[in-house]
Amino acid sequence: MENVQLLSEWGILITLVLISIPVLTAALIVIAKTKKLIADLRHKREFEAFQEYARGLDAKELELLQKRKEELAFKLQGNELKGRQEPRDSRGMLGEISEAEELRFIPKKQREEQSLYVSKDLAKLILWYLGSSVIWLIFGTTVGEYLGIKFVAPDIDHESWLSFGRLRPVHTNSVFWGWASLAMIGLGYYVVPRVSNAPIVSLKKGYHTLVLINLSVLLGSLSLMAGINNGGGEYREYVWPIMALFGVGVIISIINFIQTIATRTTKEVYVSNWYIVSAMMFVLVIAFVAYWPTWQNGLGETIVQGYYMHQGVGMWFMLFCLGLMYFFLPHQLNKPIYSYSLGVLAFWTQILFYTLIGTHHFIFSAIPWWLQTVAIVGSAGMVIPVVAGTTNFMLTFKGNWYKLRGSYTLPFYLVGIVFYFTGSLQGTAEAFRYTNLIWHFTDFTVAHSHLTMYGIITFMLWGFIYTLVPRLTGKEAPQMSIGVHFWLALIGLMFYTGPLMFGSTLRGLMWMDGTPFIETVEFMAPFWLWRAVGGSLMWFSHILFGYNFYLMVFKKVREKVPQSATEILEAREKLVTEQLSSQL
Amino acid sequence: MEFFNDHKKLFLAAFSLFIVLTLFVAIFPAIENQENNQPLPNYKPLTASELRGKNSFVSNGCVACHTQQVRNVEMDKIWGERPGIAADYAGVERPDFWRNSATLMGTERTGPDLTNVGKRQPSMAWNLLHLYQPRAVVPTSVMPSYKWLFELKEKLEEDDVEVIVPSEFLQGEQRKIVASQEALDLVAYLQSLKQLSLPTGEVADDFLYKKEISEESTSGLSLSMPDGELLYTSNCASCHQANGEGLKGAFPPLKGSSIVLGDDIELFVNIIMLGYDARPEYAVMSAVGTNNDLSPEEVTAIINHERTSWGNDASKVTVEEVKQIIDFIQLTSNNE
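Residues numbered from 1 in each chain as written. Chains lettered and ligands numbered in written order. Predicted model: local features only at pLDDT ≥ 70, side-chain atom pairs only at ≥ 80, totals over all residues. Heavy atoms only, no water.

## As for the overall build of chain A
Line of reasoning, step 1. Tallying secondary structure elements over chain A gives 19 helices and zero strands in all.
Line of reasoning, step 2. On C-alpha atoms alone, chain A measures out to a radius of gyration of 32 Å, which is more than a quarter above the 25 Å that the 2.2 N^0.38 rule sets for 584 residues.
Line of reasoning, step 3. With the model as given, the accessible surface of chain A reaches about 29,400 Å², and the carbon-plus-sulfur share is 66%.
Line of reasoning, step 4. One finds the centroid of the 46 positive side-chain charges in chain A at a distance of 7 Å from the centroid of its 40 negative side-chain charges. (Helix = DSSP H or I, 4+ residues; strand = E, 2+ residues; numbered from the N terminus. Rg over C-alpha atoms; globule rule 2.2 N^0.38 Å. Areas by Shrake-Rupley, 256 points an atom, 1.4 Å probe, with all protein chains shown as cover. Lys, Arg positive; Asp, Glu negative; His and termini not counted. Charge placed at Lys NZ, Arg CZ, Asp CG, Glu CD.)

Below, the structure is given as structure tokens:
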């Protein structure tokens, strides 16, 4: 009994391991030495046998050996395959020839080409969407960065409009409804008509949605800062008249999308459109249920809150982005999606399980116990769509990994997919009752939401934007600054989430241990500092992203000095005709 | 498959599945909870001032860091006497057509839970100073300062509630700091937050995941006494400060205090259990011991910590002494 107890003590276990290391090492050395001794002995015998054999060789055998020795001495001169003609590239196959001696510190990646399939007017609409989403990203994360600083320096200002409680929802809502939503719908305006092989029915409706959503986020942010909010459920802080603007915007565009799909010239409805249209239908249902202004007294509010906040994430952002991924990933890899059926399976199981998991934000609360259990079971069920989706994307990548090196967009896709797997399964793990005990109410949740909303959604959207915009404008951002954007964002995210998860796990354990509350606040200080550091890197990467976007749209293209044969001849012909016409 | 090629059927199917699930996991349970729960019999609706205070609480987004829910797990025991139940929230209704009902249960506990804060921290002076500058009372707090809820006046008027702020937080301000109506309302709301007791005969749910008490801690005699320093941090330090020096003009020092060092243990225990209001230059002390349900062992540990820290050097008291006094207090208060 005593022994069993001792063995469960960490200190004892660690000591035992430490002691066993030199003992085991000594034993290994003895074994190795013995083996070597035996091997030496064997070798000696073998060598003696050879000497015996060598002495007994006859003339015929010696002749054969001599002949083989001469054969082995043959060497190539190095010019056996040389042709007799001058080198030519009659099919124009060679390009980008560079000297082997050139020092290439940053490898050159493949360039994007302008798309032939999108009209100028549609391109303009999409750029308006993406442009305003970029502005909301920079605004929203500037606010987020400031909030992160407030954890380290709470007395940085004493303005009511800038106080923590008011700014926090400004940050979350503007990156949700401003950045991610506008970017998604904008990309949807490219994908829906493309996979339907039909023009978009109405461009005007597109602009209506754009204006309504921008207005909603603008008014929402101002009202939150002025202290007008809906009563404190996360992502439900805008009052309903402001959120209604968003809802009407989505209604207008979903009608537009469905009408476009109805006029499609393809037989099937491509799976991207399943995801996109469903995401839009579901976000309307969610907003309608959560914002209907005549119910939700008492605990009803909390039950609806759990449902709303999680469906908002999973049925709007995740579903929409998956739809976009089913288009852009095959497009970028230039091959079809690995399995269409897996995409279909993931679609239905996502609806089935995701809808159930809302109340896992209120485990152990006064919400009915059965509802909490349903949420936990649903969270476990999420493994199916997540594994199906990730497997599908990864197997689409298979055989094309080499493209990752040569592309500046694919790394964004890959990070998005990897976080889709880890971030979503982390959510499942957090929902279990025991882990919930440690992590609930701590900053672990904040880290998780950044791993998902940032690691999955934002990285995917960046990948899509860097893919699409050059196709619309014919201009690219410098590969160098896109690379810096990628690495700053990724490293920043790691600095942000890693320490926060570590610190809040310990904080949760301290709570369980009964440590005075204020000591657990003091304990978090260094982790909050790391969060601010990571947040700053992320924030800086967004400024770079804004700059890249600006270049992709507005960069003045210098007239190119002709270099290839075709260009030189064209330019010369032009010059000659100009000369002729001026002489006339 | 034909079904997948017909966008109407396809979207309708997805939509219906989602609606059905929504009905069963959100709408029906929400309606059921809304219809079938009533506030507890001893529930009193918020007064006009408390309601204004709640609006201010909502408006300033306090729920971002403060929860109002006691979960049925052992670690939440410090926030209330029993786990929260649906009836606790049944009195919360929509304030108007424009805004949702705010149960304010919250999802983040960056700061402490407030379910029972009216009982735990009922001092008006402490709350006002804490709102004006949290770090004046809790040096390592990261809570925002709510300075805009206070006015600066050359001269006090009648009914003005002045807030005494330690000089290092005044930044040379000479005028008087007066709590605005909004600040008073907000504190009124915080003071109204008390967990109601269940009607007699009703048994509260158990707290789950109890801490396992190892044999070691029960067998050793020295370990059976609670940790006085931890208890002091949780129950006393927010006013008297970790260094025992209190705050000038608000909370008296315990370092060198005649009551702490003196021999009148009965007075000392009485102050801890029932509060104190004998000195006009300091704020009223609330009945910390009774409110927080401190046991005789815990009170003894706190007293001994105070008598032997920060240069204080008085003899320790015994649990028996303290227990006798507390029994007497309970006896007299029950007779009232």
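Picking up after the structure, the text goes on.
## A look at the interface of chain A and chain B
Line of reasoning, step 1. On the side of chain B, 79 residues touch chain A, which itself brings 94 residues to the contact.
Line of reasoning, step 2. Of the roughly 7,400 Å² buried between chain A and chain B, counting both surfaces, carbon and sulfur atoms make up 67%.
Line of reasoning, step 3. At the boundary of chain A with chain B, the tally comes to one salt bridge.
Line of reasoning, step 4. Across the pair Arg 135 of chain B and Asp 155 of chain A runs a salt bridge, and its minimum N-O distance is 2.8 Å.
Line of reasoning, step 5. For the pair chain A and chain B, the number of links is 25 residue pairs in polar contact (both at pLDDT 80 or more). (Contact = heavy atoms within 4.5 Å. Buried area = accessible area lost by both parts, 1.4 Å probe. Salt bridge = Lys/Arg side-chain N within 4 Å of Asp/Glu carboxyl O. Polar contact = N/O pair within 3.5 Å; in protein donor to acceptor, adjacent residues only side chain to side chain.)

## What about the side chain of Asn 214 of chain A?
Line of reasoning, step 1. Inspection of the secondary structure puts Asn 214 of chain A in helix H6 (residues 203-225).
Line of reasoning, step 2. The residues contacting Asn 214 of chain A, other than those within four sequence positions of it, are Ser 132, Trp 136 and Leu 182 of chain A.

## Quick look at the nonpolar core
Line of reasoning, step 1. Counting 180 residues, the largest nonpolar core has Trp 177, Trp 179, Trp 316, Leu 324, Phe 328, Phe 459 and Leu 461 of chain A as the members making the most contacts within it.
Line of reasoning, step 2. When residues of this core are assigned to their parent elements, the largest contribution, 22 residues, is made by helix H9 (residues 299-333) of chain A.
Line of reasoning, step 3. Not counting residues up to four positions away in its chain, the partners in contact with Trp 177 of chain A are Leu 182, Ile 213, Val 217, Tyr 235, Tyr 238, Met 243, Phe 246, Tyr 308, Trp 316 and Phe 317 of chain A.
Line of reasoning, step 4. With 37 residues, the next largest nonpolar core counts Phe 57, Tyr 132, Tyr 146 and Leu 186 of chain B among its residues. (Core = buried A, V, L, I, M, F, W, Y, C linked by side-chain atoms within 4.5 Å. Buried < 20%, exposed > 50% of the residue type's maximum accessible area, 1.4 Å probe, protein only.)

## Quick look at the packing of helix H13 (residues 265-274) of chain B against helix H15 (residues 296-308) of chain B
Residues and elements named next belong to chain B.
Line of reasoning, step 1. Look at H13 against H15: their axes get within 11 Å of each other, and the N-to-C directions meet at 115°. One element, H13, and the other, H15, form an angle in the roughly perpendicular class. Relative to H15, the crossing made by H13 is right-handed. In this structure, H13 uses Ile 265, Phe 268, Val 269, Ile 272 and Met 273 to contact H15, whose residues at the interface are Val 299, Ile 303, Glu 306 and Arg 307.
Line of reasoning, step 2. The residue inventory of the contact of H13 with H15, partitioned by class, reads seven nonpolar, no polar and two charged. (Axes fitted to C-alpha atoms, helices over the stretch in contact; angles between N-to-C directions. Parallel < 35°, antiparallel > 145°, perpendicular 65-115°, else oblique. Left-handed = near helix turned anticlockwise from the far one by under 90°. Nonpolar A, V, L, I, M, F, W, Y, C, P; charged D, E, K, R; others polar.)

## So, unusual backbone geometry
Residues and elements named next belong to chain A.
Line of reasoning, step 1. Its identity is not glycine, yet Asn 197 carries a phi of approximately 55°, on the positive side.
Line of reasoning, step 2. Mapping Asn 197 onto the fold places it in the loop between helix H5 (164-196) and H6.
Line of reasoning, step 3. The exposure class assigned to Asn 197 is partly exposed, which follows from its relative accessible area of 48%.
Line of reasoning, step 4. For Tyr 235, which is not a glycine, the phi torsion comes out positive at approximately 65°.
Line of reasoning, step 5. Position of Tyr 235 among the secondary structure elements: in the loop between H6 and helix H7 (240-262).

## Some remarks on empty space enclosed by the protein
Line of reasoning, step 1. Scanning the model with the defined rule gives four cavities of 30 Å³ or more in all.
Line of reasoning, step 2. A volume near 270 Å³ is recorded for the second largest cavity.
Line of reasoning, step 3. Along the walls of the second largest cavity sit 25 residues, with Gly 232, Gly 233 and Glu 234 of chain A together with Val 63 and Gly 106 of chain B positioned nearest its centre.
Line of reasoning, step 4. Taken together, the elements giving at least two residues each to the lining of the second largest cavity come down to H5 and H9 of chain A together with helix H3 (48-59) of chain B.
Line of reasoning, step 5. It is H9 of chain A that provides the largest number of residues to the lining of the second largest cavity, a total of four residues.
Line of reasoning, step 6. Of the residues contributing to the lining of the second largest cavity, the split by class is nine nonpolar, eleven polar and five charged. (1 Å grid on protein atoms, 1.4 Å probe; cavity = no way out; pocket = protein on both sides within 12 Å on 5 of 7 lines; lining within 4 Å. Points joined across faces, edges and corners; volume = space filled by probe spheres on them.)

## Details of the layout of surface pockets
All names here are of chain B.
Line of reasoning, step 1. Its boundaries defined by the atoms lining it, the second largest pocket holds a volume of some 950 Å³.
Line of reasoning, step 2. Forming the walls of the second largest pocket are 38 residues, and the residues nearest its centre are Tyr 43, Leu 46, Asp 88, Val 92 and Leu 193.
Line of reasoning, step 3. Listing elements by their share of the lining of the second largest pocket, those giving two or more residues are H3, helix H4 (86-89) and helix H8 (181-192).
Line of reasoning, step 4. Here the lining of the second largest pocket takes five residues from H3, the largest share from any one element.

## Overview of the confidence of the model for chain B
Line of reasoning, step 1. Taken as a whole, chain B shows an average pLDDT of 87; of its residues, 95% reach a score of 70 or greater.
Line of reasoning, step 2. Between residues 215-222 of chain B, whose pLDDT stays under 50, and residues either more than four places distant or in other chains, the model counts four contacts. (pLDDT = per-residue confidence, 0-100.)

## Notes on the packing of helix H4 (residues 120-152) of chain A against H6 of chain A
Relative placement of two packed helices is described by the angle separating their axes and the distance separating the axes.
All names here are of chain A.
Line of reasoning, step 1. For the pair H4 and H6, the least separation of the axes is 10 Å and the interaxial angle reads 10°. With respect to H6, the axis of H4 lies roughly parallel. Every residue of H6 that contacts H4 at Asp 121, Leu 122, Lys 124, Leu 125, Trp 128, Tyr 129, Ser 132, Trp 136 and Phe 139 is listed here: Leu 203, Gly 206, Tyr 207, Thr 209, Leu 210, Asn 214, Val 217, Leu 218 and Ser 221.
Line of reasoning, step 2. Residue classes in the contact of H4 with H6 are distributed as eleven nonpolar, five polar and two charged.

## Focus on the packing of aromatic side chains
Residue and element names in this part refer to chain A.
Line of reasoning, step 1. Taken as a whole, this structure holds 61 aromatic pairs over all chains when the rule is applied.
Line of reasoning, step 2. Ring centres of Phe 151 and Phe 164 lie 5.3 Å apart, and the angle between their planes is 90°; this geometry places the pair in the edge-to-face category. You can see Phe 151 sitting in helix H4 and its partner Phe 164 sitting in helix H5, a full 13 residues away along the chain.
Line of reasoning, step 3. For Phe 151, a relative accessible area of 11% translates into the label buried.
Line of reasoning, step 4. For Phe 164, a relative accessible area of 10% corresponds to the buried category.
Line of reasoning, step 5. Judged by centre distance (6.5 Å) and plane angle (85°), the rings of Tyr 408 and Tyr 466 are edge-to-face. Of the two residues, Tyr 408 sits in the loop between helix H13 (402-406) and helix H14 (410-431) while Tyr 466 sits in helix H16 (residues 444-473), which places them 58 residues apart along the sequence.
Line of reasoning, step 6. Assessed through its relative accessible area of 6%, Tyr 408 is described here as buried. (Phe/Tyr/Trp six-rings, centres within 6.5 Å; stacked < 30°, edge-to-face > 60°.)

## Brief notes about the environment of Tyr 89 of chain B
Line of reasoning, step 1. With respect to the element layout, Tyr 89 of chain B can be found in helix H4.
Line of reasoning, step 2. Residue classification places Tyr 89 of chain B among the buried residues on the basis of a relative accessible area of 7%.
Line of reasoning, step 3. A C-alpha to C-alpha distance of 9.1 Å links Tyr 89 of chain B and Met 105 of chain B, two positions 16 residues apart in sequence.
Line of reasoning, step 4. If we skip the residues at most four places from it in the chain, Tyr 89 of chain B touches Gly 298, Leu 299 and Ala 366 of chain A together with Gln 68, Gln 69, Thr 103 and Met 105 of chain B.

## Structural notes on H9 of chain A
Residues and elements named next belong to chain A.
Line of reasoning, step 1. With 35 residues, H9 ought to run about 51 Å at 1.5 Å a step, and its terminal C-alpha atoms sit 49 Å apart, in line with that.
Line of reasoning, step 2. In H9, a bend of some 35° at Gln 311 exceeds every other bend along the element.
Line of reasoning, step 3. Burial analysis of H9 places 34 of its 35 residues in the buried class, which makes it a mostly covered element.
Line of reasoning, step 4. Once H9 ends, the next one or two residues include Asn 334, with phi positive near 60°. (Expected span 1.5 Å × (residues − 1). Bend = angle between axes of the 7 residues up to and from the residue.)

## What about the pattern of salt bridges?
All names here are of chain B.
Line of reasoning, step 1. For the coordinates displayed, the defined rule picks out 18 salt bridges over all chains.
Line of reasoning, step 2. Arg 109 is the salt-bridge partner of Asp 76, the closest N and O atoms lying 3.0 Å from each other. Taken together, the residues Asp 76 in the loop between H3 and H4 and Arg 109 in the loop between H4 and helix H5 (117-120) connect sequence positions 33 residues apart.
Line of reasoning, step 3. Each of Arg 71, Asp 76, Arg 109 and Asp 113 takes part in one network of salt bridges that share partners.

## A look at the domain arrangement of chain B
Interface size is commonly expressed as the accessible area that is lost once the parts come together.
All names here are of chain B.
Line of reasoning, step 1. Domain parsing of chain B yields domain 1 (48-192) and domain 2 (221-335).
Line of reasoning, step 2. The centre of domain 1, based on its C-alpha atoms, is set 25 Å off from the matching centre of domain 2.
Line of reasoning, step 3. Across the contact, 14 residues belong to domain 1 and 13 residues belong to domain 2.
Line of reasoning, step 4. Joining domain 1 to domain 2, the criterion identifies zero salt bridges.
Line of reasoning, step 5. Breaking the side of domain 1 that touches domain 2 down by element, the ones donating at least two residues are H5, helix H6 (124-132) and helix H7 (134-137).
Line of reasoning, step 6. Grouping the constituent residues of the side of domain 1 that touches domain 2 by class yields ten nonpolar, two polar and two charged. (Domains from an automatic or database assignment.)

## Observations concerning H15 of chain B
Residues and elements named next belong to chain B.
Line of reasoning, step 1. Compared with an ideal rise of 1.5 Å per residue, which puts 13 residues at 18 Å, H15 spans 18 Å between its outermost C-alpha atoms and is within 8% of the ideal.
Line of reasoning, step 2. Looking only at H15, the buried set comprises Pro 296, Val 299, Thr 300, Ala 301, Ile 302, Ile 303, Asn 304, His 305, Glu 306 and Arg 307.
Line of reasoning, step 3. Looking at the residues trailing H15, positive phi occurs at Trp 310, about 50°.

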